[in-house]
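Below are the chains, spelled out letter by letter.
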Amino acid sequence: MIVEDHQIAYRNVVSKKYNFVPEEIELAFQDFVQLLSKHNYSPAGVVFYTILSEPTAEIFLTINEDSLVIPSEEAVKFTSYFCVDNLLMTRVKDDFVLKSQEKYWELFSYMEQKKYVQKTPLFIQMKKMHTTNSTYVEMSLGVF
């Protein structure tokens, strides 16, 4: 199922670009959290990323602080408000490795069928259902 007009919106978001293969994504997340911790910043719990071009991805984390001062050589960006709207979105609830590929192609097929034009890279957001404590992934693609 594809949902239209989805939005990703958060406050106090930091991001950093990484080069990695999919199997190393957890290492990139850990590196980013350690970098923030080293500079006394604390993640607020939301994490998402976007594939810019293989193998480059941009990882986004929300932080508890409302400003960021990190040396420029660390290449960390901060935005007090992050919002991307007019997204097509689908969810992957289990068997992430197999179903992510299926959902990826489903999003792009839907976009083509509706004659939309892609305006953003693919956003991938890991979420947790509070009622069942199960995890799922939202995949979103900006269109116009």
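Residues numbered from 1 in each chain as written. Predicted model: local features only at pLDDT ≥ 70, side-chain atom pairs only at ≥ 80, totals over all residues. Heavy atoms only, no water.

This paragraph deals with the pairing of strand E3 (residues 56-63). Within E3, eight of the eight residues are buried, leaving the element largely enclosed by the surrounding structure. The alternating pattern of E3 places Thr-56, Glu-58, Phe-60 and Thr-62 on one face and Ala-57, Ile-59, Leu-61 and Ile-63 on the opposite face, and all of these are buried. Judged from the seven bridges that link them, strand E1 (residues 3-19) and E3 form a sheet pairing that is antiparallel. Across the sheet, residue Asn-19 finds its bridge partner in E3, namely Thr-56. The pairing of strand E2 (residues 43-53) with E3 spans seven bridges and is classified as antiparallel. Bridge pairing in E3 links Ser-53 to Thr-56. (Buried < 20%, exposed > 50% of the residue type's maximum accessible area, 1.4 Å probe, protein only. Helix = DSSP H or I, 4+ residues; strand = E, 2+ residues; numbered from the N terminus. Pairing = 2+ DSSP bridges.)

The subject of this paragraph is helix H2 (residues 96-113). Counted at 1.5 Å a residue, the expected span for H2 with its 18 residues is 26 Å, and the 25 Å between its end C-alpha atoms agrees. Check the buried side of H2 and you find it contacts E1, strand E4 (77-92), strand E5 (118-128) and strand E6 (135-143). Residue Lys-115 follows H2 closely and has a positive phi angle near 60°. (Expected span 1.5 Å × (residues − 1). Contact = heavy atoms within 4.5 Å.)

This part takes up the side chain of Thr-90. Turning to its location among the elements, Thr-90 is positioned in strand E4. Here the side chain of Thr-90 touches Met-1 through a polar contact of 3.0 Å, landing on its backbone oxygen. Discounting chain neighbours no more than four positions away, the residues touching Thr-90 are Met-1, Ile-2, Lys-103, Glu-106, Leu-107, Val-137, Glu-138 and Met-139. (Polar contact = N/O pair within 3.5 Å; in protein donor to acceptor, adjacent residues only side chain to side chain.)

Moving on: the layout of surface pockets. Its boundaries defined by the atoms lining it, the largest pocket holds a volume of some 950 Å³. Every residue lining the largest pocket is counted, 28 residues in all, and those nearest its centre are Pro-22, Tyr-49, Ile-51, Ser-100 and Ile-124. Listing elements by their share of the lining of the largest pocket, those giving two or more residues are helix H1 (25-38), E2, E3, H2, E5 and E6. No other element matches H2, which puts six residues into the lining of the largest pocket. (1 Å grid on protein atoms, 1.4 Å probe; cavity = no way out; pocket = protein on both sides within 12 Å on 5 of 7 lines; lining within 4 Å. Points joined across faces, edges and corners; volume = space filled by probe spheres on them.)

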